[in-house]
Amino acid sequence: MQLIDIKEIKGKIVLKSGLHIGAGDTEMHIGGIDNTVVRHPHTQEPYIPGSSIKGKVRSLLEMKSGVMYRTGGAPLQAKHLDLEGLEDEQRIECLKIIKLFGSSGADAEKIAKFAGPTRVSFADCFMSEESRERVREERLTLFEIKSETAIDRISGTAKSGSLRFVERVPADIKFDFAVGLKMLGEEDKELFDYLLLGLKLLEMDALGGSGSRGYGKIEFVFENEDVEKKFKNIKPFS
Amino acid sequence: MKLYEIIIKPLSAFGTPLKGDTLFGHFCWQAAYDPSLLNGGLDKWIACYQEKPFAVFSSAWPKFDDDGKFFYAFKRPDLPLSLLFAPSAGDDKRKTFEGRKENKKKKWMKVKEGLLLDFKSVEYLTDKELMEKVRNQATDDTKRIMRGEKYFCSEFTRQHNTINRMTMTTGEGMFAPFTETSFFYYPETELAVFALIDEEATDIGRICAAMEKIGKFGFGKDASTGCGRFDIGEDSELELPSADSPNACYMLAPTVPEAGRFYDHYFIPFVRFGKHGDVLATSENPFKNPVVMADEGAVFMPKSENVFKKPYIGRAVLNTSKSMKQTVVQGYAPYLPFRLEMKI
């Protein structure tokens, strides 16, 4: 196993709808909002943590591989490669996921033998300079507050106590995106395509919270034209 | 050995502090995958690391421009405050006692670019003062965004969770949210890492190439999810630091000093609960045996002047890993020699 290359995929993430990646508020403020989004501690600007993208891409690829019923919803680990009844194609996909995203330490020997180290590394995505300037010039807000409620099915009106306020990063804001991929041998070249497939699934699904309610729709725009072309032509379910 | 300075520009949060021994560990992983980084390969140089270290890294220290001159901010030496801020003859005792609390806040030591540590005239800075110096060299845009920021380095807690693949939501047990702490440097901060290099083994070009890869892929904890990103700035060769009739050494990285070579030590103990990186991070025994070190900023008083003949102090620490027998911990550290006057 020898490191032959570190591929870097760079580009922009464009928000197509409001994005909510929760800050996990550890303190309450009088009159403050219920669910705030994650902010850069110095600049107080919104950003997309690399962990949010990595986790979602991994979970979508696992969903597509079809082994989630066999793992009981838990992340795929190297020990799952031994599950009985796995089809060869599924096993190959599982190995790709473990190679790309890593596995837990309990199956050390198996990882060392089959997979090797985690290949992929997602950077935190900070707001692009272009968006920063646009927000400044047009005096736009970086955070929108969306109120939501639940409807009482009998009265047809808002249910008491159901009103809540959710903070979102508004649509059209752009973030700088970068992901590194370690190539440990010629056979790792197929991982590049598999990673792009994962990103495509993310584009088709949603990032962050409340994806089923229209939040977190994103679009990837890649710097490299070949990557952009390749990405556009990916059809995950054909 | 030759001394070089490598400038690092942080781009993201860090989960692991940029200390010398951890930087060495990262370089070793790079060399393990890229044999061209060390002449003859990593195994050859690790085998003789105890007698002949091929590279010794310092921790990363802020470098800033103050009125057109460059300075480093090193950690205040781990000497008693009574030595660092000794009152002059005739000073009001009451004022001296009142000033103790203020002095405690001065956690940084300002040292000129030539690395000449003159203990009598050295200036100490608080975290806020350092932040102001770093702020002064920042671009106008950063200054505008950073209004009100008080700290050079801020701690930050992030919440994470694992998604249940069946429900695509969080939940209980292993799917419950948890928090991780990381820290951010003030934007546009520049950090200097000092590297002593044995030119028989490698050169600064290859060290920088490895550092660039580390910065691209991430350093330390949570590297695959965005932490530990940095860019590499300029590198330059420096003269080995010297001083007039030195009798003390100020350490630039965590050290395991050689026994019996020093008659006095001032340090804060630092226990490195080391963990393997890369493929061994997920091995059955990813944890190394703990190593007790003297943290960066320690001051050692050597028994003999011979100590000053070598540009580093300390020793390699072996037998720290159950997963990989060859594992070596960098117990070496570069140092600044200086003259410490004390009333004994």
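Residues numbered from 1 in each chain as written. Chains lettered and ligands numbered in written order. Predicted model: local features only at pLDDT ≥ 70, side-chain atom pairs only at ≥ 80, totals over all residues. Heavy atoms only, no water.

**Student:** Please give an account of the overall build of chain B that cites residues and values.
**Tutor:** For chain B, the helix and strand inventory stands at seven helices and 16 strands. Relative to its length of 344 residues, chain B is compact, with a C-alpha radius of gyration of 21 Å against a globular reference of 20 Å. Principal-axis analysis of the C-alpha atoms gives chain B an extent of 75 × 50 × 35 Å. Counting the 344 residues in chain B, one finds 53% classified as buried. In chain B, once contacts between residues fewer than 6 apart in sequence are set aside, the share between residues at least 24 apart is 76%. Carbon and sulfur atoms provide 50% of the accessible area of chain B, an area that totals close to 16,400 Å². Within chain B, one finds 47 positive and 47 negative side-chain charges whose respective centroids are separated by 5 Å. (Helix = DSSP H or I, 4+ residues; strand = E, 2+ residues; numbered from the N terminus. Rg over C-alpha atoms; globule rule 2.2 N^0.38 Å. Buried < 20%, exposed > 50% of the residue type's maximum accessible area, 1.4 Å probe, protein only. Contact = heavy atoms within 4.5 Å. Areas by Shrake-Rupley, 256 points an atom, 1.4 Å probe, with all protein chains shown as cover. Lys, Arg positive; Asp, Glu negative; His and termini not counted. Charge placed at Lys NZ, Arg CZ, Asp CG, Glu CD.)

**Student:** Quick rundown of the overall build of chain A? Include the residues and the values.
**Tutor:** If you tally the helices and strands in chain A, you get seven helices and eight strands. Dimensions of chain A, computed from the C-alpha atoms along their principal axes, are close to 55 × 45 × 40 Å. For chain A, the share of sequence-separated contacts (at least 6 apart) that also reach a separation of at least 24 residues comes to 70%. Summing over all exposed atoms, chain A offers an accessible surface of approximately 11,700 Å²; the carbon and sulfur share of this is 49%. In chain A, 36 positive and 39 negative side-chain charges are present, and the distance between their average locations comes to 2 Å.

**Student:** Could you give an account of the layout of surface pockets, naming the residues involved and the relevant values?
**Tutor:** Considering only enclosed or pocket space, the second largest pocket measures out at about 1,200 Å³ in volume. In terms of lining, the second largest pocket is formed by 43 residues, of which the most central are Phe126 and Asp176 of chain A together with Pro10, Leu11 and Ser12 of chain B. Of all the elements in the fold, those that place two or more residues in the lining of the second largest pocket are strand S1 (5-15), strand S4 (125-126), helix H5 (129-137) and strand S7 (174-183) of chain A together with helix H6 (140-145), strand S7 (178-185), helix H7 (204-217) and strand S9 (230-238) of chain B. Split into classes, the residues belonging to the lining of the second largest pocket amount to 16 nonpolar, 12 polar and 15 charged. (1 Å grid on protein atoms, 1.4 Å probe; cavity = no way out; pocket = protein on both sides within 12 Å on 5 of 7 lines; lining within 4 Å. Points joined across faces, edges and corners; volume = space filled by probe spheres on them. Nonpolar A, V, L, I, M, F, W, Y, C, P; charged D, E, K, R; others polar.)

**Student:** Explain the sheet that holds strand S1 (residues 2-10) of chain B to me, and be specific about the residues and the numbers.
**Tutor:** All names here are of chain B. Strand order in this open sheet of seven strands is S5-S4-S3-S2-S8-S1-S9, and the pairing throughout is antiparallel. Each edge of the open sheet carries a strand with a single partner, namely strand S5 (123-125) and S9. Taking each pair of neighbouring strands and ignoring which way they run, the sheet shows an average axis angle of 35 degrees. With four bridges joining them, strand S2 (residues 55-66) and strand S3 (residues 69-75) adopt antiparallel strand pairing. Residue pairing in the sheet places lysine 63 in a bridge with tyrosine 72 of S3. Across the face of the sheet, H7 comes into contact with S1, S2, strand S8 (190-197) and S9 while running at roughly 160 degrees to S9. (Pairing = 2+ DSSP bridges. Axes fitted to C-alpha atoms, helices over the stretch in contact; angles between N-to-C directions.)

**Student:** An account of unusual backbone geometry is requested, with residue identities and associated values reported.
**Tutor:** Backbone phi values are negative for most residues with the exception of glycine, while trans is the configuration of most peptide bonds. Despite not being glycine, glutamine 44 of chain A shows a phi value in the positive range, around 65 degrees. Locating glutamine 44 of chain A in the fold gives a position in the loop between S1 and strand S2 (47-48). On the accessibility criterion, glutamine 44 of chain A (41% relative accessible area) is partly exposed. Phi at leucine 115 of chain B is positive, roughly 65 degrees, even though this residue is not glycine. Assignment of secondary structure puts leucine 115 of chain B in the loop between strand S4 (108-112) and S5.

**Student:** Please give an account of the interface of chain A and chain B that cites residues and values.
**Tutor:** Taken together, the 55 residues of chain A in the interface contact 42 residues of chain B. Of the roughly 3,800 Å² buried between chain A and chain B on both sides combined, carbon and sulfur atoms contribute 63%. Sorting the residues of chain A by area buried against chain B places Pro41, His42 and Ser121 of chain A first, and these three jointly supply 16% of that buried surface. Inspection of the chain A/chain B interface yields three salt bridges. Linking lysine 216 of chain B and glutamate 8 of chain A is a salt bridge whose minimum nitrogen-to-oxygen distance equals 3.9 Å. Counting across the interface, chain A meets chain B through 15 residue pairs in polar contact (both at pLDDT 80 or more). Taken together, the elements giving at least two residues each to the side of chain A that touches chain B come down to S1, helix H1 (50-65), helix H2 (68-71), helix H4 (108-115), strand S3 (120-122), H5 and S7 of chain A. With nine residues, H1 of chain A is the single largest residue contributor to the side of chain A that touches chain B. The residue makeup of the side of chain A that touches chain B, split by class, is 24 nonpolar, 17 polar and 14 charged. (Buried area = accessible area lost by both parts, 1.4 Å probe. Salt bridge = Lys/Arg side-chain N within 4 Å of Asp/Glu carboxyl O. Polar contact = N/O pair within 3.5 Å; in protein donor to acceptor, adjacent residues only side chain to side chain.)

**Student:** Any details on the pairing of strand S8 (residues 218-222) of chain A? Residues and values, ideally.
**Tutor:** All names here are of chain A. Alternating positions in S8 separate cleanly, Ile218, Phe220 and Phe222 being buried on one face and Glu219 and Val221 remaining unburied on the opposite face. Inspection of the sheet shows S1 paired to S8 by five bridges, in the antiparallel sense. Bridged to valine 14 within S8 is glutamate 219.

**Student:** With reference to specific residues and values, describe the side chain of histidine 40 of chain A.
**Tutor:** One can find histidine 40 of chain A in the loop between S1 and S2. At 3.0 Å, the side chain of histidine 40 of chain A and the backbone nitrogen of histidine 42 of chain A are in polar contact. Within polar-contact distance, the side chain of histidine 40 of chain A engages the backbone nitrogen of threonine 43 of chain A at 3.3 Å. Beyond its immediate sequence surroundings of up to four residues, histidine 40 of chain A is in contact with Glu45, Tyr47 and Phe126 of chain A together with Phe184 of chain B.

**Student:** Talk me through the packing of helix H1 (residues 20-33) of chain B against H7 of chain B; I want residue IDs and the actual numbers.
**Tutor:** Residue and element names in this part refer to chain B. Following both chains from N to C, one finds H1 and H7 inclined at 100 degrees, their axes separated by 10 Å at the closest point. Viewed along their axes, H1 and H7 adopt a mutual orientation that is roughly perpendicular. Of the residues in H7, those in contact with Leu23, His26, Phe27 and Gln30 of H1 are Arg206, Ile207, Ala210, Met211, Lys213 and Ile214. When the residues that make up the contact of H1 with H7 are grouped by side-chain class, the tally is six nonpolar, two polar and two charged. (Parallel < 35°, antiparallel > 145°, perpendicular 65-115°, else oblique.)

**Student:** Can you break down the sheet that holds strand S14 (residues 299-302) of chain B residue by residue, with the values?
**Tutor:** All names here are of chain B. With respect to topology, five strands assemble into an open sheet ordered S11-S14-S10-S16-S15, the strand pairing being antiparallel. The open sheet has two free edges, formed respectively by strand S11 (262-266) and strand S15 (312-313), since each of these has just one partner strand. When strand S10 (residues 248-251) meets S14, the two strands line up antiparallel, connected through two bridges. In the strand pairing of S14, tyrosine 250 is matched with valine 299.

**Student:** Talk me through the packing of helix H3 (residues 88-101) of chain A against helix H6 (residues 189-204) of chain A; I want residue IDs and the actual numbers.
**Tutor:** Residues and elements named next belong to chain A. Orientation of H3 relative to H6, taken along the N-to-C sense of each, is 90 degrees, at an axis distance of 10 Å. On the basis of their axis angle, the class for H3 and H6 is roughly perpendicular. Facing Glu93, Lys96, Ile97, Lys99 and Leu100 of H3, the residues of H6 in contact are Glu190, Leu191, Tyr194 and Leu195. In terms of residue class, the contact of H3 with H6 is made up of five nonpolar, no polar and four charged.

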